[in-house]
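A closer look at the structure
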Amino acid sequence: EDERAIIDSQYSDEVESAIEISHLCKEFLPKGNEKKGTVAVDDLCLRINPGECFALLGTNGAGKSTTLNMLLRVLEPSSGQAFIEGVDVTRVNATDDLFLNMGYCPQGE
């Protein structure tokens, strides 16, 4: 709630976050006979400061991998924005050099 309030405030542009996620959502299309799709990420707001080591923790199906896949441009979000060093990576014009200082350690299956 605190993160969402800061991101929604008029002063959030003054904060120099390395990563800022604003109202990120991902809903997958229905499969088979399902009437509704699966909501994997629902209105995520988050800031990560430069130099911070950050971990997403949660139960299976909480949206951790989906969130990282949206940040890394593997998946397109249904809505919301994600910024790395001020560049919106949900847009096509984000360049690969933005990701040079970012490490990603997925859990193996």
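Residues numbered from 1 in each chain as written. Predicted model: local features only at pLDDT ≥ 70, side-chain atom pairs only at ≥ 80, totals over all residues. Heavy atoms only, no water.

**Looking at the pattern of salt bridges**
This structure, assessed with the given rule, holds 1 salt bridge. In this structure, Arg4 and Asp43 form a salt bridge, with 3.2 Å as the shortest nitrogen-oxygen distance. Of this pair, Arg4 sits in helix α1 (residues 2-8) while Asp43 sits in strand β2 (residues 38-48), and the two are 39 residues apart along the sequence. On the basis of relative accessibility, which here comes to 27%, the residue Arg4 falls in the partly exposed class. By relative accessible area, which is 25% here, Asp43 ends up partly exposed. (Salt bridge = Lys/Arg side-chain N within 4 Å of Asp/Glu carboxyl O. Helix = DSSP H or I, 4+ residues; strand = E, 2+ residues; numbered from the N terminus. Buried < 20%, exposed > 50% of the residue type's maximum accessible area, 1.4 Å probe, protein only.)

**Let's talk about the nonpolar core**
Counting residues in each nonpolar core, the largest one holds 14 residues, and the members touching the most others are Ile19, Ile21, Leu71, Ala82, Ile84, Val89 and Phe99. For this core, the secondary-structure elements that each account for two or more residues are β1 (19-28), β2, α2 (64-71) and β3 (79-84). In terms of residue count, the dominant contributor to this core is β2 (4 residues). Contact partners of Leu71, with chain neighbours within four places excluded, come to Ile19, Ile21, Ala82, Ile84, Val89, Phe99 and Met102. (Core = buried A, V, L, I, M, F, W, Y, C linked by side-chain atoms within 4.5 Å. Contact = heavy atoms within 4.5 Å.)

**Things to note about the sheet that holds strand β4 (residues 87-88)**
Across the sheet, which stays open at both edges, the 4 strands sit in the order β2-β1-β3-β4 with antiparallel pairing between neighbours. On the outer flanks of this sheet lie β2 and β4, each paired with one strand and no other. Sheet topology note: the β1/β2 ladder contains 7 bridges and is antiparallel. Looking at β2, one finds that Phe28 is bridged to Thr38. Lying over the sheet, α2 contacts β1, β2 and β3, oriented at roughly 115° with respect to β1. (Pairing = 2+ DSSP bridges. Axes fitted to C-alpha atoms, helices over the stretch in contact; angles between N-to-C directions.)

**Describing α2**
Those residues of α2 that fall on the buried side of the exposure criterion are Thr66, Thr67, Asn69, Met70 and Leu71. As for α2, its buried residues are in contact with β1, β2 and β3. At the C-terminal side of α2, Arg73 shows a positive phi close to 65°.

Honestly, it's all geometry; don't read function into it.
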